Protein chains: 2
Amino acid sequence: MGRRVLLLLLMAFVMPGAPIPEPLAVKALRSQRLSSSFISRPAVVMKYTIHYFQQKIDHFGFKTDKTFNQRYLIANQHWKKEGGSILFYTGNEGDIIWFCNNTGFMWDVAEELKAMLVFAEHRYYGESLPYGANSFKDSRHLNYLTSEQALADYAELIRHLKVTIPGAENQPFIAVGGSYGGVLAAWFRMKYPHFVVGALAASAPIWQFEDMVPCGVFMEIVTTDFRRSGPNCPETIRRSWEAINRLTRNGTGLHLLSEALHLCVPLTNSQDVQHLKDWISETWVNLAMVDYPYESNFLQPLPAWPVKMVCQYLKNPHVSDTQLVKNIFKALNVYYNYSGQARCLNTSETTSSRLGSQGWSYQACTEMVMPFCTNGIDDMFEPHSWDLKKYSEDCYRQWNVRPRASWVTSMYGGKDISSHTNIIFSNGDLDPWSGGGITKNISDTLVAITIPEGAHHLDLRANNAFDPMTVLLARSLEVKYMKQWIRDFYGSLRKK
Amino acid sequence: MGRRVLLLLLMAFVMPGAPIPEPLAVKALRSQRLSSSFISRPAVVMKYTIHYFQQKIDHFGFKTDKTFNQRYLIANQHWKKEGGSILFYTGNEGDIIWFCNNTGFMWDVAEELKAMLVFAEHRYYGESLPYGANSFKDSRHLNYLTSEQALADYAELIRHLKVTIPGAENQPFIAVGGSYGGVLAAWFRMKYPHFVVGALAASAPIWQFEDMVPCGVFMEIVTTDFRRSGPNCPETIRRSWEAINRLTRNGTGLHLLSEALHLCVPLTNSQDVQHLKDWISETWVNLAMVDYPYESNFLQPLPAWPVKMVCQYLKNPHVSDTQLVKNIFKALNVYYNYSGQARCLNTSETTSSRLGSQGWSYQACTEMVMPFCTNGIDDMFEPHSWDLKKYSEDCYRQWNVRPRASWVTSMYGGKDISSHTNIIFSNGDLDPWSGGGITKNISDTLVAITIPEGAHHLDLRANNAFDPMTVLLARSLEVKYMKQWIRDFYGSLRKK
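Residues numbered from 1 in each chain as written. Chains lettered and ligands numbered in written order. Predicted model: local features only at pLDDT ≥ 70, side-chain atom pairs only at ≥ 80, totals over all residues. Heavy atoms only, no water.

Caption draft 1: Summary view of the domain arrangement of chain A. Residue and element names in this part refer to chain A. Segmentation of chain A into domains returns domain 1 (3-10 + 214-357 + 371-386) and domain 2 (48-211 + 409-495). With centres defined by C-alpha atoms, the gap from domain 1 to domain 2 works out at 31 Å. With 29 residues of domain 1 at the contact, the number on the domain 2 side is 34 residues. Roughly 2,600 Å² is buried in total at the junction of domain 1 and domain 2, and carbon and sulfur atoms are behind 65% of that figure. On inspection of domain 1 and its partner domain 2, the count reaches 0 salt bridges. (Domains from an automatic or database assignment. Contact = heavy atoms within 4.5 Å. Buried area = accessible area lost by both parts, 1.4 Å probe. Salt bridge = Lys/Arg side-chain N within 4 Å of Asp/Glu carboxyl O.)

Structure, rendered in structure tokens:
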């Protein structure tokens with residue numbers, strides 16, 4: 001992590017200076033991935049209809065009347081007009097169909113809650129591009145990519161649904177989201193409580209801003225996950241950085257390392273080496289995030305408890321540098337080649353291309369400024385301090401914008417959110433994002449649910465035979481709260 | 001009211017097509033007025049310091065980093081760092097010094113609440129002009145004049161005060177505002193509850209939007225006020241419109257009417273006549289708003305209970321047209337010439353030039369779309385229906401923008417605000433704006449205070465020997481609530 005690293009919620013690390021992967025180029029691979037993502041929930045058929053809603057590009061100004069089409073999905077198989085509810089997924093930084101497919105929880109509880117499901121796509125992601133192909137062209141076109149605009153989209157969409165779907169007007173909406181989508185679900189309830197009776201904010205790091213949590217906590221949790229999965233695993237990884245540094249002091253070493261790691265594009269200089277280390281770091285981070293108890297395909301197709309499998313190859317820190325990097329390759333191969341079809345490792349991407357890396361890179365450079373750091377002692381990474389000034393320079397170079405590190409706190413309240421109500425903050429202890437999440441109750445109606453064996457929003461995933469008891473409990477508690485909100489809603493409706 | 005009429009919160013009516021008064025041209029008059037506004041509260045000396053805070057012109061976009069200086073006033077004579085509080089006036093559509101001088105309530109309670117007073121100027125008003133003299137040039141320059149931007153200014157200013165004033169960080173802020181400023185105070189508590197423990201929203205018509213209240217209610221209250229002040233008064237005014245219409249059917253009549261009303265600029269055509277009637281209507285509205293029980297100088301220098309004095313001249317509806325308009329003149333003269341110095345009546349303005357008519361006209365054409373109508377039966381005005389389409393056309397012609405009539409409801413919740421807490425909605429029964437205000441408790445912490453003998457935010461004015469008992473009770477109740485919020489704040493601070 002020698003240079004600035006932009007941590008993405010789902011994508012984890014993306015280097016702003018690095019070439020940005022072209023989503024369309026891997027379209028074929030993408031659909032292959034998606035089909036296999038159905039493996040873990042054969043019980044529920046995800047049938048939805050696709051819709052588009054004309055949104056103002058700028059909710060907060062009147063100079064322009066321009067609009068764009070926001071995509072959203074509706075599934076109403078289990079919806080009941082009598083006593084029903086509407087679960088509204090506040091889409092995050094990617095294709096909404098991908099989130100829809102990976103939020104089995106909503107499908108699983110739809111019948112019980114007599115719920116219509118709505119999945120709303122976040123502007124500037126998936127098909128919801130305000131300026132089409134030009135959306136990421138420059139800071140002028142990107143100017144309307146903010147959380148405030150996205151929340152306003154959700155508000156206007158709900159208003160539209162209430163007006164146009166007979167029976168929806170007098171039903172309780174509940175916001176649901178995971179990761180950045182969970183942050184948005186919580187913020188939506190805070191800012192627009194008239195549109196949703198409550199929010200389930202799964203793995204939502206709403207405190208991963210400014211100095212609300214120590215900048216090192218994220219990578220410490222990653223390290224803890226790896227330690228838990230293999231006592232020597234973090235130490236082996238920690239030593240790997242020096243091994244890579246030693247090996248790459250000369251051209252022969254660069255060649256040797258490229259071979260050992262089966263890189264598609266061989267390393268040629270020290271910049272490549274830095275990029276390689278960032279990419280490996282991001283891989284460990286992603287593995288911690290998706291350390292699910294069963295075979296899955298969220299960021300990549302993976303075995304059950306992938307970190308454990310990775311750590312099987314990283315048991316011995318005290319081997320030769322060459323052997324160490326060979327072991328690292330085996331570990332990386334778990335993540336990048338579980339299907340066994342990859343011929344080489346491609347360091348230009350780490351996650352599903354259904355995530356919009358350009359959009360998130362811009363958001364991280366404007367509002368979503370999340371300080372991260374490592375010290376190499378409490379974590380298994382090379383030391384790297386948080387440097388807002390450098391971060392700002394990099395952002396200015398890449399996007400011609402400057403981050404406003406404190407704006408999110410001003411806007412959404414930081415740690416001072418106790419006056420709000422009806423938000424569930426769920427976090428898995430395995431999830432590095434839990435470090436910036438709310439893991440203790442704030443009040444009777446701002447409640448924290450922790451899932452000791454949970455990785456990144458495990459609770460939002462479909463029921464699975466291998467689910468640990470703790471996530472089943474979490475889900476049943478979540479449903480209990482939602483039912484309470486729905487009851488309260490109908491109770492006060494009757495009073496009126 | 002033959003053509004579209006834009007109702008302003010304090011200025012009441014402004015015709016968008018009409019020439020807009022030049023604020024600077026009447027600077028001399030303005031200061032004269034201001035000095036006399038001290039008449040009603042000699043007890044408290046208003047000593048404040050003037051400050052400027054650099055605000056982002058656009059809080060919701062990152063394309064530009066441009067800033068402007070927001071003006072704010074601070075008075076800290078009575079502020080105590082131990083157990084004190086900070087009353088924060090959320091400035092409305094005018095010069096902040098004018099609001100400061102007319103919000104004696106804050107000065108009167110400062111000692112009791114150990115309070116620092118802060119008066120923050122609303123962007124695009126007073127000296128807080130984002131683009132200086134070009135601020136009102138076109139829709140591009142006006143694009144950042146929205147309530148959301150103004151609220152964000154207040155949030156950022158409070159953050160700044162907390163950081164820079166030793167002792168302010170751990171003190172409870174309370175939002176206070178009247179009229180549109182009261183709307184902002186309420187909305188600020190709703191949207192930024194982390195910055196203020198509560199809000200006093202005086203005479204805040206937060207429901208004067210869309211179809212939340214009947215569009216006729218405002219003018220009906222004006223009419224009721226006049227009836228209460230003279231049983232035949234509304235009927236006389238109702239008949240005056242037809243009298244004017246009859247008189248002005250020919251050139252002689254125009255001349256005669258101009259003479260009878262002592263107009264500075266004689267009427268020359270039917271358009272002038274319509275403008276005249278709009279101007280007279282606006283005068284009656286303003287009189288109802290400032291029907292205070294003592295001599296005052298808010299919109300104009302006026303006697304105690306001015307509507308009563310006006311109605312003394314409007315006792316007999318059944319006189320000749322000529323006599324009727326002569327009586328109307330005498331009535332108007334109460335409003336426009338209480339000082340006795342005016343030589344003629346100037347139909348180009350009705351209120352203090354310290355209000356920013358350009359800014360409000362734009363706001364009324366974008367977010368602040370308030371439907372008003374009359375039917376000539378339940379009110380004393382010429383019938384006029386609410387026509388959003390025509391309104392929109394007029395706005396487009398004047399400002400090149402289109403109103404979004406439902407946006408405020410989406411953004412701020414309309415009638416569905418019960419999840420919020422700690423807002424006092426105070427309304428005077430004499431105030432036409434009370435028709436769009438909250439006059440019944442919504443919950444234990446969203447409370448309504450009504451003042452039977454109160455006009456527009458009488459409770460925010462300085463204590464006065466002629467105050468009716470009802471406003472004294474209202475103020476003491478307001479202080480009681482504020483003290484409770486302050487106690488709660490320190491209580492939860494101690495727990496932490």
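Caption draft 2: Representation of the packing of aromatic side chains within the structure. The tally for this structure, following the rule as stated, stands at 51 aromatic pairs over all chains. Their ring planes at 65° and their centres at 6.1 Å tell us that B:Tyr124 and B:Phe136 sit as a pair that is edge-to-face. With B:Tyr124 in the loop between strand E6 (115-120) and helix H4 (147-164) and B:Phe136 in the loop between E6 and H4, this residue pair connects regions lying 12 residues apart in the sequence. Residue B:Tyr124 is classed as buried on the basis of its relative accessible area, which comes to 1%. Accessibility expressed as a relative area gives 18% for B:Phe136, which makes it buried. When the ring centre of B:Tyr192 is taken as origin, the NZ or CZ atom of A:Lys191, which lies over that ring, is 4.1 Å away. Geometry around A:Tyr396 places A:Arg402 over its ring, the cationic atom sitting 4.3 Å from the centre. (Phe/Tyr/Trp six-rings, centres within 6.5 Å; stacked < 30°, edge-to-face > 60°. Helix = DSSP H or I, 4+ residues; strand = E, 2+ residues; numbered from the N terminus. Buried < 20%, exposed > 50% of the residue type's maximum accessible area, 1.4 Å probe, protein only. Lys NZ or Arg CZ within 6 Å of the ring centre and 35° of its normal.)

Caption draft 3: Expanded view of the state of the cysteines. Across all of its chains, the model carries 8 disulfides over all chains by this definition. Along chain A, the cysteines engaged in disulfide bonds are linked according to the scheme 1-7, 2-4, 3-5, 6-8 when indexed in sequence order. (Disulfide = S-S within 2.5 Å.)

Caption draft 4: Structural view of the pattern of salt bridges. Applying the stated rule across the entire model yields 31 salt bridges over all chains. Among the salt bridges present, the one from A:Lys56 reaches A:Asp65, with a minimum N-O distance of 4.0 Å. The exposure class of A:Lys56 is partly exposed, given its relative accessible area of 22%. For A:Asp65, a relative accessible area of 44% gives the class partly exposed. Among the ionic pairs, B:Arg246 bridges to B:Glu242, the shortest N-O distance being 3.8 Å. Taken together, the positions of B:Arg246 and B:Glu242, both in helix H7 (residues 233-247) and 4 residues apart, correspond to about one turn of that helix.

Caption draft 5: Structural view of the sheet that holds strand E11 (residues 423-428) of chain B. Residue and element names in this part refer to chain B. Read from one edge of the open sheet, 8 strands run E3-E4-E6-E5-E7-E8-E11-E12, paired in mixed fashion. On the outer flanks of this sheet lie strand E3 (49-56) and strand E12 (446-451), each paired with one strand and no other. Taken pair by pair, the neighbouring strands of this sheet meet at an average axis angle of 20°, ignoring direction. Sheet topology note: the E11/E12 ladder contains 6 bridges and is parallel. (Pairing = 2+ DSSP bridges. Axes fitted to C-alpha atoms, helices over the stretch in contact; angles between N-to-C directions.)

Caption draft 6: Up close: helix H5 (residues 180-191) of chain B. All names here are of chain B. Taking 1.5 Å per residue, 12 residues should reach 16 Å; H5 reaches 16 Å between its end C-alpha atoms and fits that length. Among the 12 residues of H5, 12 are classified as buried, and the element is accordingly described as predominantly covered. Taken residue by residue, H5 has Tyr180, Gly181, Gly182, Val183, Leu184, Ala185, Ala186, Trp187, Phe188, Arg189, Met190 and Lys191 as its buried positions. (Expected span 1.5 Å × (residues − 1).)

Caption draft 7: Looking closely at the environment of A:Ala405. Residues and elements named next belong to chain A. You can see Ala405 is positioned in the loop between helix H13 (388-399) and helix H14 (407-412). Exposure remark for Ala405: the relative accessible area of 19% places this residue in the buried category. Taking the C-alpha atoms as reference, Ala405 lies 5.5 Å from Val369; in sequence the two are 36 residues apart. Those residues in contact with Ala405 that lie beyond four places of it in its chain are Glu210, Val369 and Leu388.

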